[in-house]
Structure formats: C-alpha cells, structure tokens
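Commentary on secondary and tertiary structure
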Amino acid sequence: QVQLVESGGGLVQAGGSLRLSCAASGRTFSSYAMGWFRQAPGKEREFVAAISWSGGSTYYADSVKGRFTISRDNAKNTVYLQMNSLKPEDTAVYYCAAGVGAWVDSRYDYWGQGTQVTVSS
C-alpha cells in the first residue's frame, strides 16, 4: 500500500514557475513508476508526465514538453514536477500516481488527493 500526498500548488502569473512535490509512504517507493496527471474544470483527467522507477526514463505530454520536468529522489520517497513558463491553460488540479507496472498514462494503482495550480493571465 502506498499513500501519496501532493504539495506545492498555488496561484502564479503566466510565465511563472512552480514545483510540485509528491511524498510517498512505504519502503517500496523505488519499485514504482510515478506519474503526474491533471484535471481542469469540466475536462477529463489527462496525463502530464511519467518517470520510471530508477529515474532513467521520462515521458511527457506534448502540451508540456520543454516546459515541465519530472524527477524523483528515491532516498526521500518523493517525486517532483518542475513547471516553468506556465500558461493559463495549465490551470488544473494536479495529481501524482504510482504503479509497479505503470508507464505513461496507464496501470497506476495509487493516487494522491491532488493540489490546485492556478495560472493567471
């Protein structure tokens, strides 16, 4: 069982930056691939970024490629999402997710409660 807690969301102006963190419980964090997803009001949840258990592989949605960076620190049981050059269309609740067999946008077993990111124009 893994519990995930996101933090770092907030209100930022367009062009600004935020770094989201997702702290995981449990001693097997390094076994899990991790992902970030987001859901804007009235829209379906969408994939943002994923990182392999070792951190050696990453994958991004086209909409965030070149602006967002996913990373992880297995010693701290934490995954990060550095978001630069933020746009109003990045406004959403951001969720982290974990799964042993997960990759890109599928097969995630555990989800956090989400953190709100609001980008003003």
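Up top you'll find the structure we're talking about.
The sections below set out a description of the structure shown in this document. Being a predicted model, the structure only gives us computed values, none of them experimental.

**Digging into the sheet that holds strand 7 (residues 68-73)**
Across the sheet, which stays open at both edges, the four strands sit in the order 1-3-8-7 with antiparallel pairing between neighbours. Strand pairing shows two members of the sheet lacking a second neighbour, strand 1 (4-7) and strand 7, which therefore form its edges. Ignoring which end each strand starts from, the neighbouring axes of this sheet average 15 degrees apart. In the sheet, strand 1 pairs with strand 3 (residues 18-24) via four bridges, with the strands oriented antiparallel. Each residue of the ladder has a partner; that of Glu6, found in strand 3, is Cys22.

**So, the environment of Val104**
In this fold, Val104 is placed in the loop between strand 9 (92-99) and strand 10 (110-111). Given the relative accessible area of 18%, Val104 is considered buried. Sequence-wise, Val104 and Asp73 are 31 residues apart; in three dimensions their C-alpha atoms are separated by 19 Å. When sequence neighbours within four positions are dropped, the list of residues in contact with Val104 reads Phe37, Phe47, Ala50 and Tyr59.

**Considerations on the state of the cysteines**
Under the criterion given, the structure shown has one disulfide. Disulfide pairing is shown between Cys22 and Cys96; the S-S distance is 1.9 Å. One quick way to see it: the torsion about the S-S bond of Cys22 and Cys96 is about 45 degrees, and its sign makes the bridge right-handed. A residue pair is termed long-range when its members are at least 10 positions apart, and Cys22 in strand 3 and Cys96 in strand 9 qualify at 74 residues. Take Cys22: its relative accessible area is 0%, and that puts it in the buried class.

**So, the pattern of salt bridges**
If you walk through the whole model with that rule in mind, you get four salt bridges. Residues Arg38 and Glu46 are paired through a salt bridge, measuring 2.5 Å at the closest nitrogen-oxygen approach. Of the residues examined, Arg38 reaches a relative accessible area of 5% and is grouped as buried. Judged by its relative accessible area of 35%, Glu46 falls in the partly exposed class. Its salt-bridge partner being Arg67, residue Asp90 comes within 2.8 Å of it at the nearest N-O pair. Here the residue Asp90 occupies a position in the loop between strand 8 (78-83) and strand 9, and Arg67 occupies one in the loop between strand 6 (58-60) and strand 7, the gap between them amounting to 23 residues. Judged by its relative accessible area of 0%, Asp90 falls in the buried class.

**Description of the nonpolar core**
By size, the foremost hydrophobic cluster in this structure holds 39 residues, and its most contacted members are Leu4, Met34, Trp36, Leu81, Met83 and Tyr94. For this core, the elements supplying multiple residues, two or more each, are strand 3, strand 4 (33-39), strand 5 (46-51), strand 7, strand 8, strand 9 and strand 11 (115-120). Setting aside its immediate chain neighbours within four residues, Leu4 contacts Cys22, Ala23, Ala24, Met34, Cys96, Ala97, Ala98, Tyr110, Trp111, Gly112 and Gln113.

Rules behind the numbers
Residues numbered from 1 in each chain as written. Predicted model: local features only at pLDDT ≥ 70, side-chain atom pairs only at ≥ 80, totals over all residues. Heavy atoms only, no water. Pairing = 2+ DSSP bridges. Helix = DSSP H or I, 4+ residues; strand = E, 2+ residues; numbered from the N terminus. Axes fitted to C-alpha atoms, helices over the stretch in contact; angles between N-to-C directions. Buried < 20%, exposed > 50% of the residue type's maximum accessible area, 1.4 Å probe, protein only. Contact = heavy atoms within 4.5 Å. Disulfide = S-S within 2.5 Å. Salt bridge = Lys/Arg side-chain N within 4 Å of Asp/Glu carboxyl O. Core = buried A, V, L, I, M, F, W, Y, C linked by side-chain atoms within 4.5 Å.

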